[in-house]
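Commentary on secondary and tertiary structure
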Amino acid sequence: MNDPGAQRPGEPVPLDQRYQGADPIEWCGAAVYPMYAEALPAGTTALHLRALSVMAPEDVTGLGLGLSVHDGHVNLDGRSLAGVDIWYEALADGIDISVTADAPDALFTLTPVWVAESGTNQSWTGNYGVVVDLLPDGASTLWCSTGPGTPDFNELVVELTTGPAELAPLDTPADSPEPTSLGGPTEPSPPVISTEPTPHPAHLDPPTDVSFRPAAPPTPRRSADQGVGAALHDLGTAMHERGEHDSARALWTQAAQAGHTGAAYDLGALLLQQGERAAAEQWWKTAAHDDPRAAASLTALSELP
C-alpha cells in the first residue's frame, strides 16, 4: 500500500532530512544550520535575545526559540533547567536569560520552535533551520525558518548577544500576560517561556544524538562576493523566484546593508516595480560604483518623466 505521506519523486527533500548532526547544509548558496551553537566559558553567562522581525506563516500560530544547555543549565526562578522554550512575546521586548557551564565543554544551542495549526508545539521537523550572521560587534543575527511550507528565513529574525552575567537569574513574573497568537487564536496558547522544551522527535534532548565538531558557526567573510551578504542575496533571489516578494525585499535589504551591491541593485529594481522610485534611486546610487547595471538604471531613471 502506498504511504499517502511519502515524498513524491521530484519533490524537494525537506531540510530536516538533509542535516547530518549539527553541521550546516547548503541551501540557495547559504549555510543553513539545524541549530545555533556556541561554547560557554566557565561560570555564568548572560544571553540577551531580541526579535528584530516576525513573519509567521498562516499555518503557524506561535513561534520562538528553543534554548538548551549541554554540560550546564538555564537559571530560571531559582531552578536549574536543561532548557526552555522562549516564545515571540518575550523576544519582542528583548529578554535576558542566564546560563551556567558545569563542565569545560559546556555549550548552548538555539533552534526554532513553533505552534502548528493543530495547536501542538513542534520543532526539529520539516523545513526548519537557522542562517547565522555574525556581526563585527560580537552580536549574532539568527534568521529562522519553521518547519511548515517552504524554507523562509524571514519568519523569525532574532539578535543574540552574550556576556558575563551581572544580574540575578531571570524571574518570570507570576502575572505575565497570556501571549497574543501570531496567526489567530490558538488553544492552548504557549506561555512566554515554557520550562518544558519542545521535544526532539526521537524523545532525546536534541543535541545528545548529534556530534558538535564546531563549537560555533564559522565567522563569515564580508565582501560583495562572499559571506552573509551573498547568502542573504541568494536566499532573497530564491524567494523572489517563488513570488514571495516581501521576503525577498527583507533579505535583499539586509544583504545590501551588509555591502552586497548585487542585492542593492535587485532591491532597487523591486522597489521601482512597487512604485517606490526614490528608494530605488537611493539603492542604485549605493551600488552604482561597483555594479554597471545600477549605473545604467540610474541613467534610465533620470530620463523618465
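Every residue gets a number counted from 1 within its own chain, in the order that chain's sequence is written. Where local features are concerned, this predicted model is filtered to residues with pLDDT of at least 70; where side-chain atom pairs are given and counted, the filter is 80 or more; whole-chain, interface and lining totals use all residues. Excluding hydrogens and water, the side-chain figures rest on all heavy atoms present in the structure.

Moving on, we get to the pattern of salt bridges. Each reported salt bridge corresponds to a side-chain nitrogen of Lys or Arg within 4 Å of a carboxyl oxygen of Asp or Glu. For the coordinates displayed, the defined rule picks out six salt bridges. For D77, the salt bridge is made with R79, and the minimal N-O distance between the two is 3.9 Å. Partly exposed residues are those whose accessible area sits between 20% and 50% of the maximum for their type, while under 20% is buried and over 50% is exposed, using a 1.4 Å probe and protein chains only. Of the residues examined, D77 reaches a relative accessible area of 33% and is grouped as partly exposed. E276 is paired through a salt bridge with R249; the nearest N and O atoms lie 2.8 Å apart. Of this pair, E276 sits in the loop between α4 (261-273) and α5 (277-287) while R249 sits in helix α3 (residues 245-257), and the two are 27 residues apart along the sequence. Owing to a relative accessible area of 29%, E276 belongs among the partly exposed residues under this scheme. Helix and strand assignments follow DSSP, with helices taken as H or I runs no shorter than four residues and strands as E runs no shorter than two, numbered in order from the N terminus.

This next bit is on the confidence of the model for the protein chain. In low-pLDDT segments, the atomic positions of the prediction should not be examined closely. Per-residue confidence from the predictor is reported as pLDDT, a score between 0 and 100. Across the protein chain, the average pLDDT comes to 79, with 77% of residues at 70 or higher. Of all helices and strands in the protein chain, the one with the weakest mean pLDDT is strand β15 (residues 193-194) (72), whereas strand β9 (residues 95-101) scores best (96). Any two residues whose heavy atoms approach within 4.5 Å at even a single point are treated as in contact. pLDDT under 50 marks residues 1-9. Its contacts with residues more than four places away, or in other chains, come to four contacts. Counted against residues more than four places away or in other chains, residues 167-189, with its pLDDT under 50, gives 36 contacts.

As for its position among the elements, T100 is in strand β9. Under this definition, polar contacts are N or O atom pairs within 3.5 Å; protein pairs additionally need one hydrogen-donor-capable and one acceptor-capable atom, and for neighbouring residues in sequence, both atoms have to be side-chain atoms. A polar contact of 2.8 Å, which involves the side chain of T100, links it to the side chain of T44. Non-local contacts of T100, meaning those with residues more than four positions away in its chain, are made with G43, T44, V69, G72, H73 and N75.

By this definition, two strands are paired if DSSP reports at least two bridges between them. The strand order across the open sheet built from seven strands is β7-β6-β9-β4-β14-β13-β12, with neighbouring strands paired in antiparallel fashion. Of all the strands in the sheet, the pair left with one neighbour each is β7 (79-81) and β12 (129-134). On average, each strand axis in the sheet is tilted by 30° relative to the strand beside it, whichever way the strands run. In this sheet, β9 lies alongside strand β6 (residues 72-76) in antiparallel orientation, the contact comprising four bridges. Directly across from G72, in β9, lies its bridge partner A101. To get an axis, fit a line to the C-alpha atoms, keeping to the stretch in contact for a helix; angles then go from 0 to 180 degrees between the N-to-C directions.

Time to look at the environment of G262. Note on placement: G262 falls in helix α4. Using a relative accessible area of 10% as the deciding quantity, one classes G262 as buried. A C-alpha to C-alpha distance of 10.0 Å links G262 and D234, two positions 28 residues apart in sequence. What G262 contacts, discounting residues up to four positions off in sequence, is H233, D291 and R293.

Attention now moves to α4. In this scheme, a helix's expected span is set at 1.5 Å multiplied by one less than its residue total. A rise of 1.5 Å per residue sets the reference length of α4, with its 13 residues, at 18 Å; its end C-alpha atoms lie 19 Å apart and thus fit the reference within 8%. The buried count for α4 comes to ten of 13 residues, which makes it a mostly enclosed element. Among the residues making up α4, those that are buried are T261, G262, A263, A264, Y265, D266, L267, G268, L270 and L271.

In terms of burial, strand β13 (residues 140-145) is a largely internal element, six of the six residues being buried. Going residue by residue along β13, you find S140, L142 and C144 tucked away on one face and T141, W143 and S145 tucked away on the opposite face as well. Across six bridges, the pairing between β12 and β13 is antiparallel. Along β13, the bridge assignment pairs L134 with S140. Two successive antiparallel strands, β12 and β13, enclose a turn made up of five residues, where G138 displays a positive phi of approximately 95°. Inspection of the sheet shows β13 paired to strand β14 (residues 156-164) by five bridges, in the antiparallel sense. Bridge pairing in β14 places S140 opposite L160.

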